[in-house]
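Notes for the structure review
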Amino acid sequence: MSDSTAPKPPHYLDELNDVQRQAAENTEGPVLVIAGPGSGKTRVLTYRIAHLIEKGVAPWEILALTFTNKSAREMKDRIAKVVGKKASNIWAGTFHSLFARILRVEAKHIGYPSNFTIYDTDDTKSLINQIIKEMNLDKKVYQANAIKNRISSAKSSLITPKLYAQNAELLTQDKQAKMPLVSKIYTAYVARCKKAGAMDFDDLLFRLFELLQNHPEVVRKYRQKFKYVLVDEFQDTNTLQYAIVKKLVMYPKSPRNICVVGDDAQSIYAFRGATIQNILDFERDFADYGIQTFKLEQNYRSTEHIVQAANAVISHNRRQIQKNIWSHKGVGQKIKIIREMDDTGEGRRVADTILEQKSRYHLMNQEIAILYRTNAQSRIFEEYLRKFNLAYRVYGGLSFYQRREVKDLVAYLRMVVNPNDEEAFRRSINQPKRGIGNTSIEKVVALANARGISLFEALKHVALPNRTRHSADGYLDMITKARAKADTANAYELAESIARKSGLSTMLSNDTSIEGMARLENFSALLDGIKSFVDEDTLIDTDTLPDKTLASYLQNIALLTDFDSNEEKNNTDVITLMSVHAAKGLEYKSVFVVGLEEKLFPSWMSMDSADGMDEERRLFYVAITRAEQFLTLSYCNTRYRYGKMVMNEPSRFLTEVPAGAVENTSYSRRSEKSEYDPLERQRAKVTGITPIRKRGTAKFTKPKMDPSKFKPNLPSEIEVGQQVMHLKFGEGRITKVDGGAGNRIATIHFSDLAQPEKRIMLKFAKLQVLD
DNA sequence: ATAGCAGTAGGCCCT
DNA sequence: CTACTGCTAT
């Protein structure tokens, strides 16, 4: 959308079409913006905020809630282009991060420490399993995942453990699922989180709601503060999120300056409790206060065949807000449909088509995306892209912060900040092994439960055999000493010293396998991350954070996803592989939507209900509307699932794409023989495509050199001026070495990177000197 | 009492 | 394809 080429930028409102402009200028009172795909929604939001600021509204009086850190950052950057630096004072961020920020300030009102820990899904599951075990229940019957979902949706519907226990409907459901004690587990879970000083993701919303509900002086404060509230992706908010927003803007004499932007057709998070009912409720709730509705219907992203296909597909859904999405970008290319015999063929054919498109239309890698329903589908595409020497990056799957080695160190850091953190205790107490096994931990748990104290406290007093006592004391001493420094010391020094004293660094350094080296890489990348948190601001959004202590570092990373990380990935020319969910809000010149088969897309989980099917169709709608010029849909007859070959029908969604928008070479003309040539298959076998995704290996496509040939030099051998090789960053030159003897830090210039300067701790990073 | 190993069962959607 | 379980050696 860079059609404005005037030398002097015109007044910013001139860059908007009529409807967009009205949506941006009508700043007072409740506003609902229904925004089709590619209709300039972000543009409206940013100009609206810019307009508010130009009119004299203070940036900190504006609350803009988004779903991802990325879109918050983008929005701020774009606002800054109009109003300058003060844009950074806007309260723009995700629901979770902004609410965590408020909760830290107001924690005392709800009996939480302001250093509260945020439990991620793994912590949550592990705690639930723990409770199940303590209650002597069969974990095959009581599945942690299912229970987590029950608890999560209870919280999202504002149902406390108490209300749950009184809710006949929920109790009946649990009985039918043969899990009558879910209510008890829920109660125990909430108590344990509280005791541990921990909140899970839902708590960040739930506790904030409680806070606003029960503390009039607090709610008054924030109502006064936030004079204008904006919500992006409103179709993906759940009941609880909307309840919080209402708390902030609905009160006597409120100006009700609330603007929500969304598209019912792109609602794809119902499985997490999101409901488009919120849009309908919004219209009802604010009907008496002069609600204004604007529909953005012009699609600036895609050519007409694509828009036409999208409209046709979505019209199969039952209810929707009426709108007429149109494009004036010309008819463009027709949609290509690829059919293959099996998933391997699909992988090869997609990679082939990419090569063809690249040469014919001069596409860059970064203009291409492969979108799939489930992350597990990525493997085959990775294999072929690699084989064809096409650079790619996979989003999703195991994120950096979920890696074992990263979580281990983070667990120690969490203990330093909040010693009551039960999950961090369990993870750190015997990692690396220090001879405190299950039996000892059982004793600790027993004592903690008996006296109602934390595990950490219990460890101090529990009776243990001498040897075990000794290592326990070592652990306690380490955490206690670090805690003493936690408020004053720089987060990086603290983390680095813990990494050393815990024995984690030594343990990882001693592992010389390739996976081990990759783990060490990740481990030092974490330390590097903490370092840049401390001295630069590049890593994270400091505006949403009050300070730079270890506590706020942890708070921040708990809410980061794979998407938000720092690396140079945004600037490198790579093909994007991601799930359709992850692709929401993004756009690419050429998009491949793959695996279009019944039971896969639409997913088998959703096929038994009409609501589920509608959601799958919206998901498909989101997928195809990511494409600007080229859209390719693919499916195959058989594929491996759970290690077994299964037959698939083509997805019903394919039949919903109008024939007029589809290239007619596609369905059946291409001879199946050539695609299923046994010789060709045999050849593929012989070429031996080896799987490249191993657990714990770095995520980048191409290692800069063959890891098996990589021979790192000793840290002491590294000098200024040397040309060195780093497994992930490639070749670079040492420009500076500083730090003390045992802790030398090299500044290295990697000219291939977008941000070439890296500071790397020599004791962790492995570097090979090149001659 | 702990830790490493090996074999088995169960599970893998999306945040 | 991995996360538990149970066994055995220390």
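Computed from a predicted model, the values in this text were never measured in an experiment. (Residues numbered from 1 in each chain as written. Chains lettered and ligands numbered in written order. Predicted model: local features only at pLDDT ≥ 70, side-chain atom pairs only at ≥ 80, totals over all residues. Heavy atoms only, no water.)

**Description of the protein's contact with DNA strand B**
Close to DNA strand B lie 19 residues, the nearest being Arg272, Arg373, Asn375, Thr439 and Ser440. Near-protein atoms of DNA strand B (within 4 Å) split between backbone and bases, with sugar and phosphate holding 65%. At 2.9 Å, a side-chain N or O of Arg272 approaches a sugar or linking oxygen of DNA strand B. (Near = heavy atom within 4 Å. Polar contact = N/O pair within 3.5 Å; in protein donor to acceptor, adjacent residues only side chain to side chain.)

**Examining the confidence of the model for chain A**
Within chain A, residue pLDDT values average 83, and 86% of them lie at 70 or more. Counted against residues more than four places away or in other chains, residues 1–10, with its pLDDT under 50, gives 5 contacts. Predicted confidence is poor over residues 537–546, with pLDDT under 50, and the contacts of this stretch with residues over four places away or in other chains come to 25 contacts. (pLDDT = per-residue confidence, 0-100. Contact = heavy atoms within 4.5 Å.)

**Overview of the pattern of salt bridges**
Tallying each qualifying case throughout the model produces 45 salt bridges. Measuring nitrogen to oxygen at the nearest pair gives 2.8 Å for the salt bridge that ties Lys155 to Asp200. Taken together, the positions of Lys155 in helix α6 (residues 144–156) and Asp200 in strand β5 (residues 198–200) put the pair 45 residues apart, joining distant regions of the chain. On the accessibility criterion, Asp200 (4% relative accessible area) is buried. Note that Arg652 is salt-bridged to Glu598, the shortest N-O span being 2.7 Å. Separated by 54 residues along the polypeptide, Arg652 in helix α28 (residues 652–656) and Glu598 in the loop between β13 (588–593) and α27 (610–624) bring together distant segments of the chain. (Salt bridge = Lys/Arg side-chain N within 4 Å of Asp/Glu carboxyl O. Helix = DSSP H or I, 4+ residues; strand = E, 2+ residues; numbered from the N terminus. Buried < 20%, exposed > 50% of the residue type's maximum accessible area, 1.4 Å probe, protein only.)

**Focus on the packing of aromatic side chains**
Within this structure, the stated rule accounts for 18 aromatic pairs. Pairing Trp91 with Phe226 gives two aromatic rings, centres 5.3 Å apart and planes at 70°, and the pair type is edge-to-face. Taken together, the residues span a long stretch of sequence, with Trp91 in strand β3 (residues 91–94) and Phe226 in the loop between α11 (216–225) and β6 (228–231) at a distance of 135 residues. Phe226 shares its class with Trp91; the two are buried. Here a set of aromatic residues connected by ring pairs shows up, and it is made of Phe234, Tyr242, Phe282 and Phe286. Across from the ring centre of Tyr395, 4.5 Å away, lies the NZ or CZ of Arg393, which sits over that ring. (Phe/Tyr/Trp six-rings, centres within 6.5 Å; stacked < 30°, edge-to-face > 60°. Lys NZ or Arg CZ within 6 Å of the ring centre and 35° of its normal.)

**Observations regarding the pairing of β13**
The buried count for β13 comes to 5 of 6 residues, which makes it a mostly enclosed element. Pairing of strand β10 (residues 368–372) with β13, which is carried by 4 bridges, proceeds in the parallel orientation. Across the sheet, Ile370 pairs through a bridge with Phe592, a residue of β13. Bridge count for β13 against strand β14 (residues 627–641) is 5 bridges, and the pairing is parallel. Within the sheet, the bridge partner assigned to Tyr588 lies in β14 and is Ala627. (Pairing = 2+ DSSP bridges.)

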